[in-house]
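Here's the letter readout for the chains.
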Amino acid sequence: MIYVLGSINMDMVANVPYMPKSGETLSADKFYTNPGGKGANQAVAIAKLGGEVKMIGKVGNDAFGAPLKEHLSAFGVNVDFVTRAETNSGLAMIIVEKGDNRIILDKGSNYAITEKDVDEGLFDAKEGDVLVMQLEIPLEIVEYAARLAKSKNMTVVLNPAPAVKLNENLMQYVDIVAPNESEAEILTDTSPAGDVEIALTVKKLYALGAKRVIITLGGRGSVISEGQTITYIKPRKVKVVDTTSAGDTFIGAFVLKFAGGASAAEAANFASVASSVTITREGAANSIPTLKEVQEVIDREKC
Ligand code: RIB
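Treat the numbers as computed from the prediction; the structure is a model and nothing was measured.

Participant: How should the overall build of the protein be read in this particular structure?
Facilitator: Counting its regular elements, the protein contains 10 helices and 13 strands. Rg of the C-alpha trace for the protein: 18 Å, near the compact-globule value of 19 Å for 303 residues, within the 12% margin. When the 303 residues of the protein are sorted by exposure, 53% land in the buried category. Excluding contacts between residues fewer than 6 apart, the proportion of contacts in the protein whose partners are at least 24 apart in sequence is 67%. Taken as a whole, the protein presents about 13,000 Å² of accessible surface, with 53% of it coming from carbon and sulfur. Of the charged side chains in the protein, 31 are positive and 38 negative; the average position of the first set lies 4 Å away from that of the second.

Below is the structure:
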């Protein structure tokens, strides 16, 4: 079983022709709300790609709370441990300009998750199960959950997004750390710009305590590292509409395949194809492809 402990947000998205300057008022080309949150998106990716997944998280007591939970459930995510907090739901204000996004978060109910929620959500977790986390919930809860998961011999996957400096309190329990390039830079003070810098970034992530490293590099693809090896995964070239939740798709798809017995390189290749489909569509959880859609691309393009 795969468990995702993380954020559930309502995304408020404005597509803009350009980023407004300070003091400027700009009309959006388009505005819409849709369900997101890095935790929720990763859980939806696992479910849409055919996996069994339990989400542990909190929605708010506002008008968004119930629909956010229903949305997860409709995609096949187990929401038995998605509970309601006495505060507003997590919100993400997303500005999309030419496909790239900038995100501002209101933590809301995501910061109401407690150790008790983690205990209850992981009550039946056992050796070989996987716990996936990000950093849109309190860091001390992530640390607590990682420790608990390791005491049950689970595999712990950390997507350190949004990035903060991490110490060994957490990293000693992390099996796979999976930042994007800007998060990797915050964690290591090294930008993974070229091969030499990528090797150095990977080395520094190992020094933090990670046992395996994945770095997603946007349009440059991704790298995975196990032991001394670094493997490059080429990106699939597509027309980019919106990159929101591309990273979440990659993490969910990778974890699903890797937990199912694929090698890290095979899992990353599948994840790369899945996220390439996500970025051809608008939105967060809704833009994540199904297994059938990914398989069609793999069969058609032999990738
Ligand atoms: O990774 C994309 C997600 O980040 C969005 O859905 C938004 O909610 C923020 O959490």
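Participant: Please clarify how the nonpolar core should be interpreted in this entry.
Facilitator: Among the nonpolar cores identified, the biggest contains 49 residues, and Leu-72, Val-77 and Phe-254 are the most heavily contacted of them. Not counting the four nearest positions on each side in its chain, Leu-72 is found in contact with Ile-8, Ala-40, Val-44, Met-55, Val-77, Val-79 and Val-82. In this structure, Ala-146, Leu-166, Tyr-173 and Leu-205 belong to the second largest nonpolar core, which totals 37 residues.

Participant: Can you help me understand empty space enclosed by the protein in this one?
Facilitator: One simple way to see leftover space: roll a probe sized like a water molecule over the atoms. Going through the model one piece at a time under the given rule, you end up with 1 cavity of 30 Å³ or more. Quantified by volume, the largest cavity comes out at close to 40 Å³. In terms of lining residues, the largest cavity is bounded by Ile-8, Pro-35, Gly-36, Ala-40, Asn-41, Val-44, Leu-68, His-71, Leu-72 and Ala-285. Only strand E3 (30-36), helix H1 (38-48) and helix H2 (65-74) provide two or more residues apiece to the lining of the largest cavity. Residues that form the lining of the largest cavity fall into these classes: 7 nonpolar, 3 polar and no charged.

Participant: Explain H1 to me, please; I cannot follow it from the model alone.
Facilitator: Given 3.6 residues per turn, any residue in an α-helix points the same way as the ones three and four places further on. Within H1, 11 of the 11 residues are buried, which leaves the element mostly enclosed by the surrounding structure. Taken together, the buried positions of H1 are Lys-38, Gly-39, Ala-40, Asn-41, Gln-42, Ala-43, Val-44, Ala-45, Ile-46, Ala-47 and Lys-48. Backbone geometry just after H1 places Gly-50 at a positive phi near 100°.

Participant: Could you clarify how one ought to interpret the environment of Pro-289 in this entry?
Facilitator: Structurally, the position occupied by Pro-289 is in the loop between helix H9 (264-278) and helix H10 (291-301). Exposure remark for Pro-289: the relative accessible area of 0% places this residue in the buried category. Between the C-alpha atoms of Pro-289 and Gly-218, which are 71 residues apart in sequence, the distance is 18 Å. The contacts of Pro-289, once residues within four sequence positions are left out, are Lys-48, Leu-49, Thr-249, Ala-274, Val-277, Thr-278, Arg-281 and Val-294.

Participant: Sorry, what's going on with the sheet that holds strand E7 (residues 100-106) here?
Facilitator: Within a beta sheet, neighbouring strands are joined by backbone hydrogen bonds and run either parallel or antiparallel to one another. On the basis of which strands lie adjacent, the open sheet formed by 4 strands has the order E3-E2-E6-E7 and mixed pairing. Both outer strands of the open sheet, E3 and E7, are each paired with one neighbouring strand and no more. On average, each strand axis in the sheet is tilted by 20° relative to the strand beside it, whichever way the strands run. In the sheet, strand E2 (residues 9-16) pairs with E3 via 7 bridges, with the strands oriented antiparallel.

Participant: Help me understand the packing of H1 against helix H8 (residues 246-259), please; the structure alone is not making it clear to me.
Facilitator: The angle between the axes and the distance between the axes are what describe a pair of packed helices. Put simply, H1 and H8 touch, their axes get as near as 8 Å, and they point 45° apart. Taken together, the axis directions place H1 and H8 in an arrangement best described as oblique. Note that H1 runs across H8; the crossing there is right-handed. Residue-level inspection shows Lys-38, Asn-41, Gln-42, Ala-45 and Ile-46 of H1 in contact with H8, the latter providing Asp-248, Thr-249, Ile-251, Gly-252 and Leu-256.

Participant: Help me understand the side chain of Lys-48 in this model?
Facilitator: On the secondary structure map, Lys-48 appears in helix H1. No salt bridge forms around the buried Lys-48; measuring N to O, its nearest opposite-charge neighbour Glu-293 is 5.9 Å away. A distance of 3.3 Å separates the side chain of Lys-48 from the backbone oxygen of Asn-286, its partner in a polar contact.

Participant: I would appreciate a short explanation of unusual backbone geometry in the present structure.
Facilitator: Apart from glycine, the bulk of residues carry a negative phi angle, and the bulk of peptide bonds sit in the trans form. Cis peptide bonds are those with omega within 30 degrees of zero, and the linkage from Ala-161 to Pro-162 qualifies with -5°. Within the secondary structure layout, Pro-162 lies in the loop between strand E9 (155-158) and helix H5 (168-171). Positive phi values are uncommon outside glycine, yet Lys-98 reaches one of about 50°. Mapped onto the elements of the fold, Lys-98 is located in the loop between strand E6 (90-97) and E7. Even without being a glycine, Lys-302 presents a positive backbone phi close to 50°.

How each quantity is defined
Residues numbered from 1 in each chain as written. Predicted model: local features only at pLDDT ≥ 70, side-chain atom pairs only at ≥ 80, totals over all residues. Heavy atoms only, no water. Helix = DSSP H or I, 4+ residues; strand = E, 2+ residues; numbered from the N terminus. Rg over C-alpha atoms; globule rule 2.2 N^0.38 Å. Buried < 20%, exposed > 50% of the residue type's maximum accessible area, 1.4 Å probe, protein only. Contact = heavy atoms within 4.5 Å. Areas by Shrake-Rupley, 256 points an atom, 1.4 Å probe, with all protein chains shown as cover. Lys, Arg positive; Asp, Glu negative; His and termini not counted. Charge placed at Lys NZ, Arg CZ, Asp CG, Glu CD. Core = buried A, V, L, I, M, F, W, Y, C linked by side-chain atoms within 4.5 Å. 1 Å grid on protein atoms, 1.4 Å probe; cavity = no way out; pocket = protein on both sides within 12 Å on 5 of 7 lines; lining within 4 Å. Points joined across faces, edges and corners; volume = space filled by probe spheres on them. Nonpolar A, V, L, I, M, F, W, Y, C, P; charged D, E, K, R; others polar. Pairing = 2+ DSSP bridges. Axes fitted to C-alpha atoms, helices over the stretch in contact; angles between N-to-C directions. Parallel < 35°, antiparallel > 145°, perpendicular 65-115°, else oblique. Left-handed = near helix turned anticlockwise from the far one by under 90°. Salt bridge = Lys/Arg side-chain N within 4 Å of Asp/Glu carboxyl O. Polar contact = N/O pair within 3.5 Å; in protein donor to acceptor, adjacent residues only side chain to side chain.

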